[in-house]
Amino acid sequence: MSIRKHIPNTITCLSLVSGCVASVMALHGQLLYALVWIVVAAVFDFCDGFAARLLKAYSPMGKELDSLSDMVSFGFAPGMVVFWLLCEASIGLPAGSWSGYIPYLAFVIPVFSGLRLAKFNIDDRQATSFIGLPVPAHALFWGSAGYSLLPVVHVNEPVFIILTIAVAFLSSYLLVSEIPMFSLKVKSLAWRGNEVRYLLVAGAIVFVALWGCLGLAGTIVLYIVLSIFNKKR
């Protein structure tokens, strides 16, 4: 039995474990560590595909395992980040039976992430680019934004809750939208043909330098904007 063919699936499992840890960290209010483990999961998610191509170790099982791993790491984990934020903000609301249900609106994120992943698996238009926001980008947005929003959770709870829920529903819609999104895969390092990718990298460097962790969320917003205005996918 060749060990080589199991390497990509092993890396995928490491991504899954990272997503599980991120979820636990989120539910304990450790949102910085949740962000770190989402990033780690994203690195493993990139590496498993790279390893599969390098080793020519593709398999139907690997494809299914990758989707299941992504559902946890980039669907459930960011949902738990938003769940914890809404739980924390709801504490400041007047006591009432309805306020306790507010955090469960965060489940829109794992639900639409699952829809996105199912759609991706049967959509042959997404071989070289994406239709809709990729779940890793969505998870990085919420991991970054969640940690950065901690200082303002209790500034004005009703406004915070309304805005968080609104953005959660909007970003979840982007997952299953028909908006074309460019891929970060490159065939060469030449400027021509990679303009939007270099602009994204430059923007990421500037945003992170200026805003720290929040810069990751800003980078995802820039990715969406560049994709909308990009004519070459």
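Coordinates for the structure precede this section.
Quick caveat: nothing in here was measured; it's all calculated off a predicted structure. (Residues numbered from 1 in each chain as written. Predicted model: local features only at pLDDT ≥ 70, side-chain atom pairs only at ≥ 80, totals over all residues. Heavy atoms only, no water.)

Visitor: I'm lost on helix α1 (residues 7-27) in this one. Help?
Guide: Its 21 residues place the ends of α1 31 Å apart at the C-alpha level, agreeing with the 30 Å of an ideal helix rising 1.5 Å per residue. The complete set of buried residues in α1 reads Pro8, Asn9, Ile11, Thr12, Ser15, Ser18, Gly19, Ala22, Ser23 and Ala26. Down the axis of α1, the smallest arc covering the buried residues is 165°, so these residues share one side. Buried residues belonging to α1 abut α2 (31-55) and α3 (60-90). (Helix = DSSP H or I, 4+ residues; strand = E, 2+ residues; numbered from the N terminus. Expected span 1.5 Å × (residues − 1). Buried < 20%, exposed > 50% of the residue type's maximum accessible area, 1.4 Å probe, protein only. Arc of directions from axis to C-beta. Contact = heavy atoms within 4.5 Å.)

Visitor: Is there a simple way to think about the packing of α1 against α3 in this case?
Guide: Relative orientation and spacing of two packed helices are given, respectively, by the angle between their axes and the distance between those axes. Running from N to C, α1 and α3 cross one another at 15°; their axes reach a closest spacing of 8 Å. Relative to α3, the element α1 lies roughly parallel. When you trace α1 past α3, the crossing you get is left-handed. (Axes fitted to C-alpha atoms, helices over the stretch in contact; angles between N-to-C directions. Parallel < 35°, antiparallel > 145°, perpendicular 65-115°, else oblique. Left-handed = near helix turned anticlockwise from the far one by under 90°.)

Visitor: How should I be thinking about the nonpolar core in this particular structure?
Guide: Grouped together as the largest cluster of nonpolar side chains are 49 residues, with contacts concentrated most on Ile38, Phe74, Leu85, Leu86, Leu133, Ile161 and Ile220. Every element with two or more residues in this core is listed here: α1, α2, α3, α4 (108-122), α5 (135-148), α6 (157-176), α7 (195-211) and α8 (214-229). At 10 residues, the largest contribution of residues to this core is made by α3. In this structure Ile161 touches Leu86, Ala89, Ser90, Leu93 and Ile102, once residues within four positions along its chain are discounted. (Core = buried A, V, L, I, M, F, W, Y, C linked by side-chain atoms within 4.5 Å.)

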